[in-house]
Amino acid sequence: MKPPIDLGIREQVSLAALNAYRIGGPARYYVRPDQVDQLRGALGWAKEAAIPIFILGAGTNLLISNNGFDGLIVHLQGFSGQIKEPVASGEWSVGAGAMLLGWVKKAAHSGFAGTEALAGIPGTIGGALRMNAGAFGQEISQHLEEVEVITPELKVKRLKTADIGFAYRRAVGLEDSVILGARFQLEPGDPGQLTAHLREIVAMRRNRQPLQFPSCGSVFKRPEGDFAGRLIEAVGLKGYMMGGAQIAEKHANFIINRGGASAAEVLGLIKLVKTRVKESFGVTLEREVIMIGFSEDELAGA
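Residues numbered from 1 in each chain as written. Predicted model: local features only at pLDDT ≥ 70, side-chain atom pairs only at ≥ 80, totals over all residues. Heavy atoms only, no water.

**Student:** Is there a simple way to think about the pattern of salt bridges in this case?
**Tutor:** It is possible for side chains bearing opposite charge to pair when their charged atoms get close. One pass over the structure, following the stated rule, counts 12 salt bridges. In this structure, the salt-bridge partner of Glu 91 is Arg 183, at a minimum N-O distance of 3.4 Å. Of this pair, Glu 91 sits in strand β7 (residues 91-95) while Arg 183 sits in strand β15 (residues 178-185), and the two are 92 residues apart along the sequence. Among the residues examined, Arg 183 registers a relative accessible area of 18% and is labelled buried. Note that Arg 158 and Glu 148 form a salt bridge whose closest N and O atoms lie 3.8 Å from each other. (Salt bridge = Lys/Arg side-chain N within 4 Å of Asp/Glu carboxyl O. Helix = DSSP H or I, 4+ residues; strand = E, 2+ residues; numbered from the N terminus. Buried < 20%, exposed > 50% of the residue type's maximum accessible area, 1.4 Å probe, protein only.)

**Student:** Whenever I open this one, unusual backbone geometry confuses me. Can you help?
**Tutor:** Most peptide bonds are trans, and most residues other than glycine sit at a negative phi. Non-glycine residue Ala 50 carries a positive phi angle of around 55°. Within the fold, Ala 50 resides in the loop between α1 (36-48) and β3 (53-56). Positive phi is not limited to glycine here, since Asn 132 has a value of about 50°. Secondary-structure assignment places Asn 132 in the loop between α3 (125-130) and β9 (134-135). Of the residues examined, Asn 132 reaches a relative accessible area of 0% and is grouped as buried.

**Student:** Looking at this structure, I do not really get empty space enclosed by the protein. What am I missing?
**Tutor:** In this approach a probe as big as a water molecule rolls over the atoms, and the regions it shows empty are the leftover space. Going through the model one piece at a time under the given rule, you end up with 1 cavity of 30 Å³ or more. One number sums up the size of the largest cavity: a volume of about 40 Å³. Residue lining of the largest cavity: Trp 103, Gly 114, Thr 115, Leu 118, Glu 139, Ile 140, His 143, Phe 184 and Leu 186, and that is the complete set. Classifying every residue of the lining of the largest cavity by side-chain character gives 5 nonpolar, 3 polar and 1 charged. (1 Å grid on protein atoms, 1.4 Å probe; cavity = no way out; pocket = protein on both sides within 12 Å on 5 of 7 lines; lining within 4 Å. Points joined across faces, edges and corners; volume = space filled by probe spheres on them. Nonpolar A, V, L, I, M, F, W, Y, C, P; charged D, E, K, R; others polar.)

**Student:** Looking at this structure, how should I read the sheet that holds strand β18 (residues 245-247)?
**Tutor:** Taken in spatial order, the 3 strands make up an open sheet running β17-β18-β19, and their pairing is antiparallel. Each edge of the sheet is formed by a strand with only one pairing partner; in this case those strands are β17 (241-242) and β19 (255-257). The sheet contact formed by β17 and β18 spans 2 bridges and is antiparallel. The partner of Met 241 across the bridge, within β18, is Gln 246. (Pairing = 2+ DSSP bridges.)

**Student:** What am I meant to see in the nonpolar core here?
**Tutor:** Most often, soluble globular proteins keep nonpolar side chains buried together rather than apart. Counting 38 residues, the largest nonpolar core has Leu 100, Leu 129, Val 147, Leu 174 and Phe 184 as its most contacted members. Taken together, the elements giving at least two residues each to this core come down to β7, α2 (100-109), β8 (112-113), α3, β11 (144-150), β15 and α4 (191-208). Here the element with the most residues in this core is α2; it accounts for 5 residues. Setting aside chain neighbours within four positions, we find Leu 174 in contact with Leu 129, Arg 130, Val 147, Val 149, Leu 159, Ile 164, Phe 166 and Ile 179. (Core = buried A, V, L, I, M, F, W, Y, C linked by side-chain atoms within 4.5 Å. Contact = heavy atoms within 4.5 Å.)

Structural data, given as C-alpha cells:
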C-alpha cells in the first residue's frame, strides 16, 4: 500500500545520522511532519495499512538495527518545538519537539526552578516525558500539569498528570499516544543561583560521562539500592570491547561507539553485561535503551 503523496512520506531513508549512536539501517517509510493534520494523516495511513510505527525525537535513548526499521518512522524533532514564554505565575507551555536542555536553560535564566537538575539529559521534551527523565532527585513529571497527545484513535486529547501513571523511567499512560506538547507549573527562584546550579550539573556530567563518543546515554536503569555502573565494573567489564563498541572506561553504564560499531556489537555487550551481573550478583539489569528493528530472537537475553 503506497502512501499518499500529499503526506510527504519518503521511502528507504537512512537512520544512522538521526540517532545519538550513529548506528542503524534505513526506515522503510519516513515522515517529518510540520503540522498536526499531516501527522494525523501519516498515523492514520500506517494504521490502516497495518504498518508498525515508531516515534522518533532526537534519538538519544535508542539503538536501531543495521537492518533498519520495517515500518514508518515519524520524526518529531522540531515539530511543535516551540517554548512559549511563561506567564508571571510560572506556567510554561512546551512543544514535544523542543530540546530538553534548551527549555531547562531558559527556565533557569528566567528565574523559574524545578527543572535545573535535568540539565545535561539529552533529547526532546517528548522523549523526556515518555521515559519520565530524571536526575539528582528531580523528574520531569514533578512539575507537570498536563500533556497534549494524539490518541491511538487519532484524537487530540489533554491528559492530566495524575491520569498518566508516571513511575521510575516510565509513563504508562503515554506509551500508546503521540505527544504533542505539555504544560508545566514551575516555582519562582533566583536566576543567578539557578543558572549556577545548572552549570555545575552540566560540568559534573561532562566529567563523569564519555560524552566525546556516540552513545545512547545510560544503557540500564538503576537497580534498587545500587548502581548499574558499579555492578558492571565489579564484574570486570569496564572497558571491554566488541568490534567498535565498548563498555566505557569513564562510566561503565555507557556503551559507546568508538567508530564503526554495529548494532549487533552493542547488543552483544548488553547481553554480556546482563549475563555476568546476573551470575555474579543475582541482579537482573533492566534496559533503559529502546531497540527497534531487531527480531525477537535477536533480543532474547537483552
